Amino acid sequence: MKKILIVDDSALMRRVMSDIISSEPGMTVANTADNGSTAVRYLESGKRYDCILLDINMPKMDGIGFLTYINEKRITIPVLVVSSIASQSTKETMRALELGAYDFVKKPDGVASSEFKDQLLQKVKCAFGLKPMSYQEPTIRRQSEPRVFKPAQRSQRWQGTSSSRGTILFIASSTGGPKALQSVVPRFPKNIGCPIVVVQHMPEGFTNSLAERLNEMSQCQVKEAADGETLQNGVVYVAKGGYQLRAETKNLNEHSLAVRKEEPRGGLRPCADIFLESLLNSSYQRIFCGILTGMGSDGTKGLIQLKQCKKVYTVGQSEESCVVYGMPRAAVKAGVVDEVADLQKVADLLIAAMQQNGG
């Protein structure tokens, strides 16, 4: 029986989440706490849990304080943040992910929906297969600071040509992705020579905070994608949560972004497959992709289609460095991954491939 600790100052939310967890065979709510201090006392008394559901804004000790405590004590219990969409909470949620929370679920606006229940159970179950991940404070790289790049080793499977017209770089990620992106996006140089698009599975209201945080750390400008804007070289566009993102051709050499409130595909909005499929009829002929940690198989179907008509080079994050080895596993199994690499090497392999193929 998997034991869950719920930490939330709302008695209603504690009851709602307790009912959801208790409805699932094999899981039980071992304890609840109304703030981080109470949760700390449980841990100090010797209690151990298979997953902790953690609110952010609480009295006495908030979620950030609690995560700081378990990092200092080297406690490796998986933590799932259950966060509100308030503007302040979105930034604090990003901080919680940096501090080691493996994922988050957005609190329902009112009565808990079936979507909230499904997401909560899916992500709690995900915790049971996680490997212990050590916390490291991310490095802030100011945009004015130069970065010395050393090309990485890579195989000869990629057969791109320097005469191909149009290059774009694409990154897809899900569970564990916000933290993983901090090891990839800041490594791209400002003069990379192509636009970069990131699809991170997140609900509406959180991707802007993710983009702002990545922008603080990166040489390239990082921003949340906006409808109708022209794709520019050296800019990283983070797909807007709660919307689908596509590339649209403006003319032979220019593309714009379409950000539309469409239905989810496979429960995902944004969906990596939808963006990749939009490149099929674009003038982008060379597409460099990174498939990072995450549940499911998003990105694989789009890559299969692109490989049939474009020059596509894909790096999949290694199982050892993934929080959840789902999306990269699916891409590897489908035969659309050219290289498998630990997280810290993904960006270097993509840059090296671009340099060696006229990017």
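Chemist: Even after reading the chapter, I still don't get unusual backbone geometry, so can you show me in this structure?
Modeler: With the exception of glycine, most residues fall at negative phi, and the peptide bonds are largely trans. In this chain, Arg269 is followed by Pro270 through a cis amide linkage whose omega measures 15°. Along the polypeptide, Pro270 turns up in the loop between strand S11 (254-260) and helix H8 (272-278). At Lys60, a residue that is not glycine, the phi angle is positive and equals roughly 65°. Along the chain, the position of Lys60 falls in the loop between strand S3 (51-54) and helix H3 (63-72). With relative accessibility at 77%, the residue Lys60 sits in the exposed group. The phi dihedral of Arg74 falls on the positive side, at around 55°, and the residue is not glycine. On the secondary structure map, Arg74 appears in the loop between H3 and strand S4 (79-83). Judged by relative accessible area, which is 75%, Arg74 ranks as exposed.

Chemist: How should I be thinking about the state of the cysteines in this particular structure?
Modeler: A covalent bond bridging the sulfur atoms of two cysteines is what the word disulfide describes. Applying the stated criterion across every chain yields a total of 0 disulfides. Cys220 provides the cysteine sulfur closest to Cys194, a residue in no disulfide bond, and the two sulfurs are 8.6 Å apart. In this structure Cys194 comes out as buried when scored by relative accessible area, which is 0%.

Chemist: Even after reading the chapter, I still don't get helix H1 (residues 11-22), so can you show me in this structure?
Modeler: Three or four residues apart is the spacing at which side chains of an α-helix point the same way, because the helix has 3.6 residues per turn. Taking 1.5 Å of rise per residue, the 12 residues of H1 would be expected to cover 16 Å, and the 16 Å separating its terminal C-alpha atoms lies within 8% of that figure. Taken together, the buried positions of H1 are Met13, Arg14, Val16, Met17, Ser18, Ile20 and Ile21.

Chemist: Help me out: how do you make sense of the pairing of S11 in this one?
Modeler: In regular strands, side chains alternate between the two faces of the sheet. S11 sits mainly inside the fold: 5 of its 7 residues count as buried. In this structure, strand S10 (residues 244-251) lies alongside S11, joined through 7 bridges in antiparallel fashion. Following the sheet pairing, Leu245 is matched in S11 by Val259. What sits between S10 and S11 in their antiparallel hairpin is a turn of 2 residues.

Chemist: Just to check I follow, could you spell out empty space enclosed by the protein for this structure?
Modeler: It is the rolling of a water-molecule-sized probe over the atoms that shows where space remains empty. What the rule picks out here adds up to 1 cavity of 30 Å³ or more. Counted as a void, the largest cavity has a volume near 40 Å³. In terms of lining, the largest cavity is formed by Met94, Leu97, Glu98, Pro178, Lys179, Gln182, Leu210 and Arg213. Only helix H4 (87-98), helix H6 (177-181) and helix H7 (207-217) provide two or more residues apiece to the lining of the largest cavity.

Chemist: Would you take a moment to explain the nonpolar core for this structure?
Modeler: General note: in soluble globular proteins, nonpolar side chains tend to be found buried as a group. If you look at the biggest cluster of nonpolar residues, it comprises 59 residues, and the most contacted ones within it are Leu169, Ile171, Phe188 and Leu350. It is helix H11 (residues 343-356) that contributes the most residues to this core, 8 residues altogether. When neighbours within four sequence positions are excluded, Ile171 is seen to be in contact with Leu181, Val184, Phe188, Val197, Val198, Val199, Gly290, Leu292 and Leu350. Counting residues in each nonpolar core, the second largest holds 30 residues, with Val197, Ala225, Leu279 and Ile287 among its members.

Chemist: Looking at this model, I keep getting lost on the side chain of Ser218. Mind explaining?
Modeler: Position of Ser218 relative to the elements: it lies in the loop between H7 and strand S8 (221-224). Of the polar contacts made by the side chain of Ser218, one reaches the backbone oxygen of Leu214; its length is 2.7 Å.

Chemist: When you look at the sheet that holds S8 in this model, what are you seeing that I'm missing?
Modeler: Across a sheet, paired strands are connected by hydrogen bonds in the backbone, their directions being either parallel or antiparallel. Spatial ordering of the open sheet is given by S8-S9-S7-S6-S12-S13-S14, a layout of 7 strands whose pairing is parallel. Each edge of the open sheet is held by one strand with a lone partner, namely S8 and strand S14 (339-341). Strand-to-strand twist across the sheet, computed as the mean angle between neighbouring axes with direction ignored, equals 20°. Pairing between strand S6 (residues 167-173) and strand S7 (residues 196-200): 5 bridges, direction parallel. Considered in S7, the bridge of Ala172 is made with Val199. Running over the sheet, H7 touches S7, S8 and strand S9 (235-238) and is turned about 175° from S8. In this fold H11 packs onto S6, strand S12 (286-291), strand S13 (311-317) and S14, with an angle of close to 165° to the strand it touches most, S13.

Chemist: How should the layout of surface pockets be read in this particular structure?
Modeler: Roughly 910 Å³ of internal volume is contained in the second largest pocket. If you go around the second largest pocket, you meet 35 residues; those closest to its centre are Glu115, Gln119, Met202, Pro203 and Gly267. Counting residues per element, the ones that place at least two in the lining of the second largest pocket are strand S5 (103-106) and helix H5 (114-127). Examining the composition of the lining of the second largest pocket, we find that 6 residues originate from one element, H5, more than from any other. Taken together, the residues of the lining of the second largest pocket break down into 12 nonpolar, 12 polar and 11 charged.

The rules behind these values
- Residues numbered from 1 in each chain as written.
- Predicted model: local features only at pLDDT ≥ 70, side-chain atom pairs only at ≥ 80, totals over all residues.
- Heavy atoms only, no water.
- Helix = DSSP H or I, 4+ residues; strand = E, 2+ residues; numbered from the N terminus.
- Buried < 20%, exposed > 50% of the residue type's maximum accessible area, 1.4 Å probe, protein only.
- Disulfide = S-S within 2.5 Å.
- Expected span 1.5 Å × (residues − 1).
- Pairing = 2+ DSSP bridges.
- 1 Å grid on protein atoms, 1.4 Å probe; cavity = no way out; pocket = protein on both sides within 12 Å on 5 of 7 lines; lining within 4 Å.
- Points joined across faces, edges and corners; volume = space filled by probe spheres on them.
- Core = buried A, V, L, I, M, F, W, Y, C linked by side-chain atoms within 4.5 Å.
- Contact = heavy atoms within 4.5 Å.
- Polar contact = N/O pair within 3.5 Å; in protein donor to acceptor, adjacent residues only side chain to side chain.
- Axes fitted to C-alpha atoms, helices over the stretch in contact; angles between N-to-C directions.
- Nonpolar A, V, L, I, M, F, W, Y, C, P; charged D, E, K, R; others polar.

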